[in-house]
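The primary structure of each chain is shown beneath.
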Amino acid sequence: MKKIKGGVCAPKGFKANGVHCGIRKNKNKLDLALITCDVKCKAAGVYTKNKVKGAPLTVTKANIADGTAQAVICNSGNANTCNADGIEKAKMMCDMVQKHTSISASDVIVASTGVIGEVLNMQPIAEGMPSLVEGLSDKGSEYAAKAIMTTDRVMKEIAYSFEIDGRECRIGGIAKGSGMINPNMATLLCFVTTDVNISSEMLSCALSKTVKETLNMVCIDGDTSTNDMLSIMSSGLAGNKEIEGKGKEYNEFSKCLKKALTHLAREIAKDGEGATKLLECKVVKAKNAKCAKSIAQSVISSSLVKAAMFAADANWGRILCAIGYTDEKFDVDKIDVDLKSTAGMIRVCENGSGIPFDEDVASKILSQDEVTIIVTCNDGGAKATAWGCDLTYEYVKINADYRT
(Lines give C-alpha, C1' and ligand atoms only; values in the text may rest on other atoms or scores of the structure.)
Protein backbone atom coordinates (compact mmCIF):
# COMPACT_ATOMS: atom_id res chain seq x y z
CA MET A 1 0.00 0.00 0.00
CA LYS A 2 1.41 3.40 -0.93
CA LYS A 3 0.18 6.96 -0.77
CA ILE A 4 -0.40 8.53 -4.19
CA LYS A 5 -1.75 11.76 -5.65
CA GLY A 6 -5.12 12.33 -7.26
CA GLY A 7 -7.72 12.20 -4.50
CA VAL A 8 -11.10 10.99 -5.76
CA CYS A 9 -9.74 11.00 -9.33
CA ALA A 10 -6.93 8.53 -8.58
CA PRO A 11 -9.13 5.43 -9.12
CA LYS A 12 -9.88 4.52 -12.74
CA GLY A 13 -12.95 6.08 -14.34
CA PHE A 14 -13.44 9.11 -12.10
CA LYS A 15 -13.42 12.83 -12.88
CA ALA A 16 -14.18 15.82 -10.67
CA ASN A 17 -14.42 19.60 -10.61
CA GLY A 18 -15.39 22.49 -8.38
CA VAL A 19 -16.48 26.05 -9.23
CA HIS A 20 -17.78 29.23 -7.64
CA CYS A 21 -21.38 29.53 -8.80
CA GLY A 22 -22.58 32.26 -6.43
CA ILE A 23 -24.14 30.49 -3.44
CA ARG A 24 -21.39 31.99 -1.31
CA LYS A 25 -20.81 35.73 -1.43
CA ASN A 26 -17.02 35.42 -1.46
CA LYS A 27 -16.10 34.92 -5.12
CA ASN A 28 -12.76 33.46 -4.11
CA LYS A 29 -14.45 30.46 -2.46
CA LEU A 30 -15.62 27.54 -4.59
CA ASP A 31 -19.12 26.40 -3.68
CA LEU A 32 -20.26 23.68 -6.10
CA ALA A 33 -18.57 20.30 -6.59
CA LEU A 34 -19.17 17.39 -8.95
CA ILE A 35 -17.67 13.90 -9.11
CA THR A 36 -18.59 11.57 -11.99
CA CYS A 37 -17.61 8.14 -13.21
CA ASP A 38 -17.45 6.77 -16.74
CA VAL A 39 -19.49 3.74 -15.67
CA LYS A 40 -22.26 3.04 -13.20
CA CYS A 41 -20.70 2.19 -9.82
CA LYS A 42 -21.54 0.06 -6.84
CA ALA A 43 -22.38 2.48 -4.04
CA ALA A 44 -22.95 2.64 -0.29
CA GLY A 45 -23.39 5.34 2.34
CA VAL A 46 -23.72 6.10 6.03
CA TYR A 47 -25.64 9.04 7.45
CA THR A 48 -26.09 11.22 10.51
CA LYS A 49 -28.08 9.91 13.47
CA ASN A 50 -29.44 13.38 14.15
CA LYS A 51 -33.24 13.23 13.97
CA VAL A 52 -33.18 16.53 12.07
CA LYS A 53 -31.78 15.49 8.69
CA GLY A 54 -30.90 17.54 5.64
CA ALA A 55 -33.10 16.97 2.60
CA PRO A 56 -30.16 15.78 0.46
CA LEU A 57 -29.70 12.76 2.73
CA THR A 58 -33.27 11.64 2.14
CA VAL A 59 -32.84 11.91 -1.63
CA THR A 60 -29.44 10.19 -1.59
CA LYS A 61 -30.73 7.28 0.48
CA ALA A 62 -33.50 6.71 -2.07
CA ASN A 63 -31.14 7.05 -5.03
CA ILE A 64 -28.61 4.49 -3.82
CA ALA A 65 -31.11 2.08 -2.29
CA ASP A 66 -30.36 -0.23 -5.24
CA GLY A 67 -26.64 -0.15 -4.40
CA THR A 68 -25.60 1.88 -7.42
CA ALA A 69 -24.62 5.48 -8.30
CA GLN A 70 -22.56 7.32 -10.90
CA ALA A 71 -22.13 10.88 -9.66
CA VAL A 72 -21.90 13.11 -6.60
CA ILE A 73 -23.01 16.75 -6.54
CA CYS A 74 -22.46 18.92 -3.48
CA ASN A 75 -22.84 22.60 -2.69
CA SER A 76 -21.41 24.55 0.22
CA GLY A 77 -22.77 27.72 1.81
CA ASN A 78 -26.29 26.39 2.39
CA ALA A 79 -27.27 23.11 4.11
CA ASN A 80 -30.72 22.83 2.46
CA THR A 81 -32.05 21.66 5.81
CA CYS A 82 -35.33 22.49 7.61
CA ASN A 83 -36.79 23.95 4.41
CA ALA A 84 -40.28 23.05 3.17
CA ASP A 85 -38.94 22.74 -0.38
CA GLY A 86 -35.72 20.94 0.58
CA ILE A 87 -36.53 17.58 -1.04
CA GLU A 88 -37.64 19.33 -4.23
CA LYS A 89 -34.41 21.35 -4.38
CA ALA A 90 -32.23 18.28 -3.77
CA LYS A 91 -34.01 16.44 -6.57
CA MET A 92 -33.54 19.45 -8.83
CA MET A 93 -29.79 19.25 -8.28
CA CYS A 94 -29.88 15.60 -9.39
CA ASP A 95 -31.95 16.57 -12.45
CA MET A 96 -29.36 19.20 -13.36
CA VAL A 97 -26.63 16.55 -13.32
CA GLN A 98 -28.72 14.42 -15.67
CA LYS A 99 -29.36 17.36 -17.99
CA HIS A 100 -25.69 18.24 -18.36
CA THR A 101 -24.04 14.79 -18.18
CA SER A 102 -26.72 12.26 -19.27
CA ILE A 103 -26.16 10.42 -15.96
CA SER A 104 -29.55 9.39 -14.62
CA ALA A 105 -30.85 11.62 -11.83
CA SER A 106 -31.61 8.46 -9.85
CA ASP A 107 -27.89 7.60 -9.90
CA VAL A 108 -26.78 10.85 -8.25
CA ILE A 109 -25.59 11.26 -4.67
CA VAL A 110 -26.53 14.78 -3.56
CA ALA A 111 -25.19 16.69 -0.56
CA SER A 112 -25.26 20.21 0.87
CA THR A 113 -23.36 21.90 3.69
CA GLY A 114 -23.56 25.31 5.31
CA VAL A 115 -26.17 27.35 7.14
CA ILE A 116 -29.28 25.49 8.33
CA GLY A 117 -32.78 26.87 7.69
CA GLU A 118 -32.05 29.17 4.75
CA VAL A 119 -33.86 28.49 1.47
CA LEU A 120 -31.46 27.25 -1.20
CA ASN A 121 -31.39 29.48 -4.25
CA MET A 122 -31.23 27.22 -7.30
CA GLN A 123 -30.39 29.91 -9.85
CA PRO A 124 -26.64 30.05 -9.06
CA ILE A 125 -26.44 26.25 -9.25
CA ALA A 126 -28.27 26.17 -12.59
CA GLU A 127 -26.00 28.88 -13.98
CA GLY A 128 -22.86 27.18 -12.66
CA MET A 129 -23.59 23.71 -14.04
CA PRO A 130 -22.24 24.25 -17.60
CA SER A 131 -18.80 25.37 -16.42
CA LEU A 132 -18.79 22.74 -13.65
CA VAL A 133 -19.38 19.93 -16.15
CA GLU A 134 -17.13 21.40 -18.82
CA GLY A 135 -14.24 21.48 -16.38
CA LEU A 136 -14.55 17.84 -15.27
CA SER A 137 -11.10 16.29 -15.29
CA ASP A 138 -9.12 13.39 -13.87
CA LYS A 139 -7.02 16.13 -12.25
CA GLY A 140 -10.03 17.86 -10.65
CA SER A 141 -10.15 16.32 -7.18
CA GLU A 142 -8.54 19.36 -5.55
CA TYR A 143 -11.22 21.67 -6.96
CA ALA A 144 -14.01 19.42 -5.69
CA ALA A 145 -12.33 19.20 -2.27
CA LYS A 146 -12.14 22.99 -2.02
CA ALA A 147 -15.74 23.46 -3.18
CA ILE A 148 -17.18 21.46 -0.26
CA MET A 149 -15.28 23.40 2.42
CA THR A 150 -17.09 25.73 4.85
CA THR A 151 -15.06 26.85 7.88
CA ASP A 152 -12.29 24.42 6.97
CA ARG A 153 -8.88 26.04 6.80
CA VAL A 154 -7.27 23.31 4.72
CA MET A 155 -8.37 21.00 1.92
CA LYS A 156 -8.73 17.34 2.91
CA GLU A 157 -7.78 14.80 0.25
CA ILE A 158 -6.09 11.39 0.14
CA ALA A 159 -5.41 8.48 -2.22
CA TYR A 160 -3.70 5.10 -1.93
CA SER A 161 -2.60 2.39 -4.33
CA PHE A 162 -2.60 -1.31 -3.40
CA GLU A 163 -2.91 -4.74 -5.00
CA ILE A 164 -5.67 -7.33 -5.15
CA ASP A 165 -5.29 -10.46 -7.31
CA GLY A 166 -2.08 -9.00 -8.71
CA ARG A 167 -4.02 -6.00 -10.04
CA GLU A 168 -3.26 -2.44 -9.04
CA CYS A 169 -6.24 -0.98 -7.20
CA ARG A 170 -6.79 2.53 -5.98
CA ILE A 171 -8.89 4.33 -3.42
CA GLY A 172 -9.31 8.09 -3.01
CA GLY A 173 -11.28 10.45 -0.85
CA ILE A 174 -12.11 14.05 -0.05
CA ALA A 175 -13.80 15.38 3.06
CA LYS A 176 -14.95 18.55 4.73
CA GLY A 177 -15.36 19.05 8.43
CA SER A 178 -14.18 21.56 10.98
CA GLY A 179 -17.06 22.19 13.38
CA MET A 180 -20.37 20.62 14.44
CA ILE A 181 -18.58 17.29 14.62
CA ASN A 182 -19.34 14.59 17.19
CA PRO A 183 -18.74 10.83 16.86
CA ASN A 184 -22.23 9.71 15.89
CA MET A 185 -21.81 8.37 12.33
CA ALA A 186 -19.35 10.02 10.00
CA THR A 187 -20.07 13.48 11.28
CA LEU A 188 -19.01 15.51 8.24
CA LEU A 189 -19.17 15.16 4.47
CA CYS A 190 -16.87 12.60 2.93
CA PHE A 191 -16.82 11.22 -0.61
CA VAL A 192 -14.74 8.14 -1.41
CA THR A 193 -14.04 6.50 -4.75
CA THR A 194 -12.36 3.23 -5.64
CA ASP A 195 -11.82 1.10 -8.74
CA VAL A 196 -11.91 -2.19 -6.81
CA ASN A 197 -14.41 -4.67 -8.23
CA ILE A 198 -16.59 -5.43 -5.21
CA SER A 199 -20.28 -6.21 -4.71
CA SER A 200 -22.50 -3.50 -3.26
CA GLU A 201 -23.21 -5.76 -0.25
CA MET A 202 -19.53 -6.18 0.59
CA LEU A 203 -18.89 -2.49 -0.11
CA SER A 204 -21.59 -1.54 2.38
CA CYS A 205 -20.29 -4.07 4.92
CA ALA A 206 -16.73 -2.73 4.72
CA LEU A 207 -17.88 0.88 4.97
CA SER A 208 -20.14 0.32 7.98
CA LYS A 209 -17.41 -1.49 9.91
CA THR A 210 -14.60 0.88 9.01
CA VAL A 211 -16.45 4.09 9.79
CA LYS A 212 -16.96 2.92 13.37
CA GLU A 213 -13.19 2.72 13.83
CA THR A 214 -12.29 5.95 12.03
CA LEU A 215 -14.63 8.86 11.38
CA ASN A 216 -16.92 7.76 14.19
CA MET A 217 -14.00 8.31 16.56
CA VAL A 218 -13.70 12.05 15.86
CA CYS A 219 -15.05 14.82 18.08
CA ILE A 220 -14.55 18.55 17.65
CA ASP A 221 -17.32 20.08 19.74
CA GLY A 222 -19.96 17.51 20.71
CA ASP A 223 -22.51 18.63 18.10
CA THR A 224 -23.79 16.07 15.61
CA SER A 225 -24.65 17.81 12.34
CA THR A 226 -27.86 17.44 10.33
CA ASN A 227 -26.14 16.82 6.99
CA ASP A 228 -23.41 14.32 7.86
CA MET A 229 -22.86 11.77 5.14
CA LEU A 230 -20.13 9.47 3.88
CA SER A 231 -20.61 7.87 0.48
CA ILE A 232 -18.43 5.51 -1.53
CA MET A 233 -18.56 4.58 -5.22
CA SER A 234 -16.69 1.65 -6.79
CA SER A 235 -16.16 1.57 -10.56
CA GLY A 236 -14.76 -1.97 -10.66
CA LEU A 237 -12.35 -0.90 -13.40
CA ALA A 238 -9.26 -2.26 -11.61
CA GLY A 239 -10.14 -5.61 -13.16
CA ASN A 240 -9.81 -7.83 -10.10
CA LYS A 241 -12.22 -10.73 -9.63
CA GLU A 242 -15.35 -9.36 -7.95
CA ILE A 243 -15.19 -9.49 -4.16
CA GLU A 244 -18.45 -11.19 -3.19
CA GLY A 245 -17.66 -12.34 0.32
CA LYS A 246 -15.26 -11.98 3.22
CA GLY A 247 -11.74 -13.29 2.75
CA LYS A 248 -8.24 -12.22 1.84
CA GLU A 249 -9.30 -9.78 -0.90
CA TYR A 250 -12.07 -8.27 1.21
CA ASN A 251 -9.66 -7.82 4.11
CA GLU A 252 -7.11 -6.13 1.85
CA PHE A 253 -9.73 -3.69 0.59
CA SER A 254 -10.99 -3.01 4.13
CA LYS A 255 -7.44 -2.38 5.31
CA CYS A 256 -6.88 0.27 2.65
CA LEU A 257 -10.30 1.83 3.24
CA LYS A 258 -9.42 2.12 6.94
CA LYS A 259 -6.07 3.71 6.06
CA ALA A 260 -7.77 6.34 3.90
CA LEU A 261 -10.53 7.14 6.38
CA THR A 262 -8.07 7.29 9.29
CA HIS A 263 -6.05 9.88 7.37
CA LEU A 264 -9.16 11.98 6.72
CA ALA A 265 -10.30 11.59 10.35
CA ARG A 266 -7.00 12.96 11.61
CA GLU A 267 -7.08 15.83 9.12
CA ILE A 268 -10.58 16.79 10.22
CA ALA A 269 -9.66 16.68 13.91
CA LYS A 270 -6.53 18.74 13.36
CA ASP A 271 -8.52 21.34 11.41
CA GLY A 272 -11.17 21.77 14.10
CA GLU A 273 -12.60 25.27 14.31
CA GLY A 274 -10.08 27.46 16.09
CA ALA A 275 -7.83 24.49 16.86
CA THR A 276 -4.11 24.87 17.51
CA LYS A 277 -3.33 21.18 17.95
CA LEU A 278 -4.48 17.68 17.09
CA LEU A 279 -5.40 15.55 20.11
CA GLU A 280 -5.26 11.78 19.94
CA CYS A 281 -6.43 9.50 22.72
CA LYS A 282 -5.10 5.95 22.63
CA VAL A 283 -6.67 3.48 25.01
CA VAL A 284 -4.75 0.22 25.46
CA LYS A 285 -5.07 -2.96 27.54
CA ALA A 286 -8.82 -2.43 28.00
CA LYS A 287 -11.26 -5.17 28.99
CA ASN A 288 -12.96 -5.17 25.58
CA ALA A 289 -13.26 -3.08 22.40
CA LYS A 290 -16.48 -1.40 23.52
CA CYS A 291 -14.88 -0.23 26.76
CA ALA A 292 -11.78 1.03 24.93
CA LYS A 293 -13.86 3.03 22.42
CA SER A 294 -16.05 4.56 25.13
CA ILE A 295 -13.08 5.73 27.15
CA ALA A 296 -11.26 7.16 24.11
CA GLN A 297 -14.37 9.02 22.94
CA SER A 298 -15.11 10.34 26.42
CA VAL A 299 -11.63 11.78 26.87
CA ILE A 300 -11.45 13.34 23.42
CA SER A 301 -14.96 14.85 23.81
CA SER A 302 -14.36 16.51 27.17
CA SER A 303 -14.46 20.30 26.92
CA LEU A 304 -12.36 20.58 30.08
CA VAL A 305 -9.69 18.26 28.71
CA LYS A 306 -9.70 20.19 25.43
CA ALA A 307 -9.31 23.50 27.27
CA ALA A 308 -6.43 22.16 29.37
CA MET A 309 -4.67 20.94 26.23
CA PHE A 310 -5.04 24.41 24.69
CA ALA A 311 -3.21 25.86 27.68
CA ALA A 312 -0.59 23.06 27.65
CA ASP A 313 -1.72 22.28 31.21
CA ALA A 314 -1.13 18.68 32.32
CA ASN A 315 -4.37 18.65 34.30
CA TRP A 316 -4.61 14.87 34.37
CA GLY A 317 -7.52 14.98 36.85
CA ARG A 318 -9.78 16.12 34.01
CA ILE A 319 -8.73 13.08 32.00
CA LEU A 320 -9.56 10.75 34.89
CA CYS A 321 -12.88 12.55 35.32
CA ALA A 322 -13.78 12.01 31.66
CA ILE A 323 -12.82 8.34 31.92
CA GLY A 324 -14.92 8.01 35.05
CA TYR A 325 -18.24 9.11 33.59
CA THR A 326 -18.31 6.53 30.80
CA ASP A 327 -20.95 3.81 31.12
CA GLU A 328 -18.41 0.99 30.97
CA LYS A 329 -17.20 -1.04 33.95
CA PHE A 330 -13.47 -0.98 34.72
CA ASP A 331 -11.11 -0.67 37.67
CA VAL A 332 -10.05 2.97 38.02
CA ASP A 333 -7.28 1.92 40.41
CA LYS A 334 -5.50 0.13 37.54
CA ILE A 335 -5.42 3.08 35.11
CA ASP A 336 -2.22 4.82 34.02
CA VAL A 337 -2.10 8.03 31.96
CA ASP A 338 0.82 9.20 29.82
CA LEU A 339 1.14 12.35 27.70
CA LYS A 340 3.18 12.15 24.51
CA SER A 341 4.32 14.32 21.58
CA THR A 342 7.42 14.90 19.49
CA ALA A 343 8.89 16.59 22.60
CA GLY A 344 8.79 13.35 24.58
CA MET A 345 6.51 11.38 26.90
CA ILE A 346 5.69 11.75 30.56
CA ARG A 347 3.54 9.75 32.99
CA VAL A 348 1.15 11.87 35.04
CA CYS A 349 -1.07 9.24 36.64
CA GLU A 350 -0.42 5.69 37.83
CA ASN A 351 -2.87 3.19 39.31
CA GLY A 352 -5.56 5.87 39.26
CA SER A 353 -3.56 8.30 41.38
CA GLY A 354 -1.31 11.26 40.80
CA ILE A 355 2.46 10.86 40.82
CA PRO A 356 5.26 13.46 40.94
CA PHE A 357 6.21 14.80 37.48
CA ASP A 358 8.01 17.81 36.04
CA GLU A 359 5.37 20.40 35.10
CA ASP A 360 7.76 22.22 32.77
CA VAL A 361 8.52 19.04 30.83
CA ALA A 362 4.81 18.23 30.64
CA SER A 363 4.03 21.73 29.38
CA LYS A 364 6.67 21.41 26.67
CA ILE A 365 5.19 18.10 25.56
CA LEU A 366 1.68 19.59 25.43
CA SER A 367 2.85 22.66 23.49
CA GLN A 368 3.39 20.67 20.28
CA ASP A 369 0.84 20.69 17.46
CA GLU A 370 0.05 16.99 17.89
CA VAL A 371 -0.49 15.50 21.36
CA THR A 372 -1.34 11.93 22.32
CA ILE A 373 -3.07 10.98 25.56
CA ILE A 374 -2.33 7.33 26.36
CA VAL A 375 -4.74 5.61 28.74
CA THR A 376 -3.56 2.19 29.90
CA CYS A 377 -6.37 0.23 31.58
CA ASN A 378 -4.29 -2.82 32.55
CA ASP A 379 -7.47 -4.87 32.34
CA GLY A 380 -7.25 -6.83 29.06
CA GLY A 381 -6.02 -6.70 25.47
CA ALA A 382 -8.43 -4.37 23.67
CA LYS A 383 -7.48 -0.98 22.24
CA ALA A 384 -9.06 2.02 20.49
CA THR A 385 -8.07 5.46 19.23
CA ALA A 386 -10.09 8.68 19.02
CA TRP A 387 -9.19 12.07 17.57
CA GLY A 388 -10.11 15.64 18.45
CA CYS A 389 -8.57 19.05 19.01
CA ASP A 390 -8.09 21.67 21.70
CA LEU A 391 -10.84 24.14 22.62
CA THR A 392 -9.78 27.72 21.98
CA TYR A 393 -11.08 31.28 22.15
CA GLU A 394 -11.23 31.24 18.35
CA TYR A 395 -13.84 28.44 18.38
CA VAL A 396 -16.29 30.69 20.21
CA LYS A 397 -15.55 33.60 17.89
CA ILE A 398 -16.10 31.52 14.74
CA ASN A 399 -19.40 30.08 15.93
CA ALA A 400 -20.72 33.26 17.54
CA ASP A 401 -21.02 35.00 14.16
CA TYR A 402 -21.14 31.97 11.81
CA ARG A 403 -24.47 32.95 10.22
CA THR A 404 -24.06 36.74 10.16
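So, here's what we can say about the structure. (Residues numbered from 1 in each chain as written. Predicted model: local features only at pLDDT ≥ 70, side-chain atom pairs only at ≥ 80, totals over all residues. Heavy atoms only, no water.)

Some thoughts on the overall build of the protein
Secondary structure assignment for the protein yields 11 helices and 16 strands. Taking 404 residues into account, the globule formula puts the C-alpha radius of gyration at 22 Å, and the protein, at 22 Å, falls close to it. C-alpha atoms of the protein, sized along the principal axes, occupy 70 × 55 × 35 Å. By residue count, 57% of the 404 residues in the protein fall in the buried class. Expressed as a percentage of contacts within the protein between residues at least 6 apart in sequence, the contacts between residues at least 24 apart total 80%. Computed over 51 positive and 48 negative side-chain charges, the separation of the two mean positions in the protein equals 2 Å. (Helix = DSSP H or I, 4+ residues; strand = E, 2+ residues; numbered from the N terminus. Rg over C-alpha atoms; globule rule 2.2 N^0.38 Å. Buried < 20%, exposed > 50% of the residue type's maximum accessible area, 1.4 Å probe, protein only. Contact = heavy atoms within 4.5 Å. Lys, Arg positive; Asp, Glu negative; His and termini not counted. Charge placed at Lys NZ, Arg CZ, Asp CG, Glu CD.)

With respect to the pairing of strand β3 (residues 32-47)
For strand β2 (residues 14-19) and β3, the ladder comprises six bridges, and the chain directions are antiparallel. Counterpart to Lys15 in the pairing with β3 is Thr36. Taken together, the seven bridges between β3 and strand β4 (residues 68-78) define a ladder with antiparallel strand orientation. Paired with Lys42 across the two strands is Thr68, which belongs to β4. (Pairing = 2+ DSSP bridges.)

Quick notes on helix α8 (residues 303-310)
An α-helical segment advances 3.6 residues per turn. Residues three or four places apart therefore align on the same side. Taken residue by residue, α8 has Val305, Lys306, Ala308 and Met309 as its buried positions. All buried residues of α8 project into a common sector of 160 degrees when viewed along the axis, lining one side. Where α8 ends, the next residue or the one after it, Ala312, has phi of about 55 degrees, a positive value. (Arc of directions from axis to C-beta.)

As for the environment of Thr385
Mapped onto the elements, Thr385 comes out in strand β16 (residues 382-389). Ignoring any residue separated from it by four or fewer positions in sequence, one finds Thr385 in contact with Met217, Glu280, Cys281, Lys282 and Ala296.

Looking at the sheet that holds strand β11 (residues 278-286)
The strands that make up a sheet pair up through hydrogen bonds in the backbone, lying either parallel or antiparallel. The seven strands lie next to each other as β9-β16-β11-β15-β12-β13-β14, forming an open sheet whose pairing is mixed. At either margin of the open sheet sits one strand with a lone partner, and together these are β9 (218-219) and β14 (353-354). Strands in contact with α8 are β9, β11, β15 (370-376) and β16; relative to β15, the strand with the most contacts, it is inclined by about 130 degrees. (Axes fitted to C-alpha atoms, helices over the stretch in contact; angles between N-to-C directions.)

Overview of helix α7 (residues 289-301)
Compared with the 18 Å implied by 1.5 Å per residue over 13 residues, the 18 Å span of α7 between its first and last C-alpha is a close match. All of the buried residues in α7 are Cys291, Ala292, Ile295, Ala296, Ser298, Val299 and Ile300. Put simply, Asn288 is the residue that caps the front of α7, since its side-chain oxygen is 3.3 Å from the backbone nitrogen of Lys290. (Expected span 1.5 Å × (residues − 1). Polar contact = N/O pair within 3.5 Å; in protein donor to acceptor, adjacent residues only side chain to side chain.)

Here we look at unusual backbone geometry
Notably, Lys285 is not glycine yet its phi reads approximately 55 degrees, a positive angle. Note on placement: Lys285 falls in strand β11.

Comments concerning a negative patch on the surface
Taken together, the side chains of Asp313, Asp358, Glu359 and Asp360 define an acidic patch exposed on the protein surface. A relative accessible area of 46% means that Glu359 is categorised as partly exposed. (Patch = residues over 30% accessible without salt bridge, like charges linked within 9 Å, V, L, I, M, F, W, Y side chains within 5 Å. Areas by Shrake-Rupley, 256 points an atom, 1.4 Å probe, with all protein chains shown as cover. Salt bridge = Lys/Arg side-chain N within 4 Å of Asp/Glu carboxyl O.)

Let's talk about the packing of aromatic side chains
Aromatic rings considered in pairs are described by the distance between their centres and by the relative angle of their planes. Within the structure shown, the criterion is met by one aromatic pair. Between Phe310 and Tyr393, the ring centres sit 5.3 Å apart and the planes meet at 90 degrees, which makes this aromatic pair edge-to-face. Note that Phe310 is positioned in helix α8 and Tyr393 in helix α11 (residues 393-400), a separation of 83 residues in sequence. Residue classification places Tyr393 among the exposed positions, given a relative accessible area of 69%. (Phe/Tyr/Trp six-rings, centres within 6.5 Å; stacked < 30°, edge-to-face > 60°.)

Structural notes on the side chain of Ser298
When you line up the elements, Ser298 lands in helix α7. On the basis of relative accessible area, Ser298 is assigned to the buried category, the value being 10%. Every residue in contact with Ser298, bar those within four places of it in the chain, is listed here: Ala322, Ile323, Tyr325 and Thr326.

Considering the packing of helix α1 (residues 55-63) against helix α2 (residues 86-101)
At their nearest, the axes of α1 and α2 sit 8 Å apart, and the two run at 55 degrees to each other. Taken together, the axes of α1 and α2 lie oblique to each other. As for how α1 packs across α2, the hand of that crossing is right-handed. Every residue of α2 that contacts α1 at Ala55, Pro56, Thr58, Val59 and Asn63 is listed here: Gly86, Ile87, Ala90, Lys91 and Cys94. Tallied by class, residues from the contact of α1 with α2 come to six nonpolar, three polar and one charged. (Parallel < 35°, antiparallel > 145°, perpendicular 65-115°, else oblique. Left-handed = near helix turned anticlockwise from the far one by under 90°. Nonpolar A, V, L, I, M, F, W, Y, C, P; charged D, E, K, R; others polar.)

Looking at the packing of α8 against helix α9 (residues 316-324)
When two helices pack together, their arrangement is given by the angle between their axes and by how far apart the axes lie. Two elements in contact, α8 and α9, have axes separated by 9 Å at closest approach and are oriented at 160 degrees. In terms of axis orientation, α8 runs roughly antiparallel to α9. When the axes of α8 and α9 are compared, the crossing they make is left-handed. Facing α8, whose interface residues are Leu304, Val305, Ala307 and Ala308, α9 presents Arg318, Ile319 and Ala322.

A word on the environment of Ser208
By the element assignment, Ser208 lies in helix α5 (residues 200-213). The spatial distance from the C-alpha of Ser208 to the C-alpha of Ala44 is 9.0 Å, given a sequence separation of 164 residues.

Description of the side chain of Thr376
Here Thr376 shows up in strand β15. Ignoring sequence-local partners within four residues, the contact set of Thr376 consists of Val284, Lys285, Lys334, Ile335 and Asp336.

Remarks on the pairing of β11
Here β11 pairs with β15 via seven bridges, running parallel. From the neighbouring strand, Val283 faces β15, where its bridge partner is Val375. By the bridge criterion, seven bridges tie β11 to β16 in an arrangement that is antiparallel. Within β16, the position partnered with Val283 by the bridge is Ala384.

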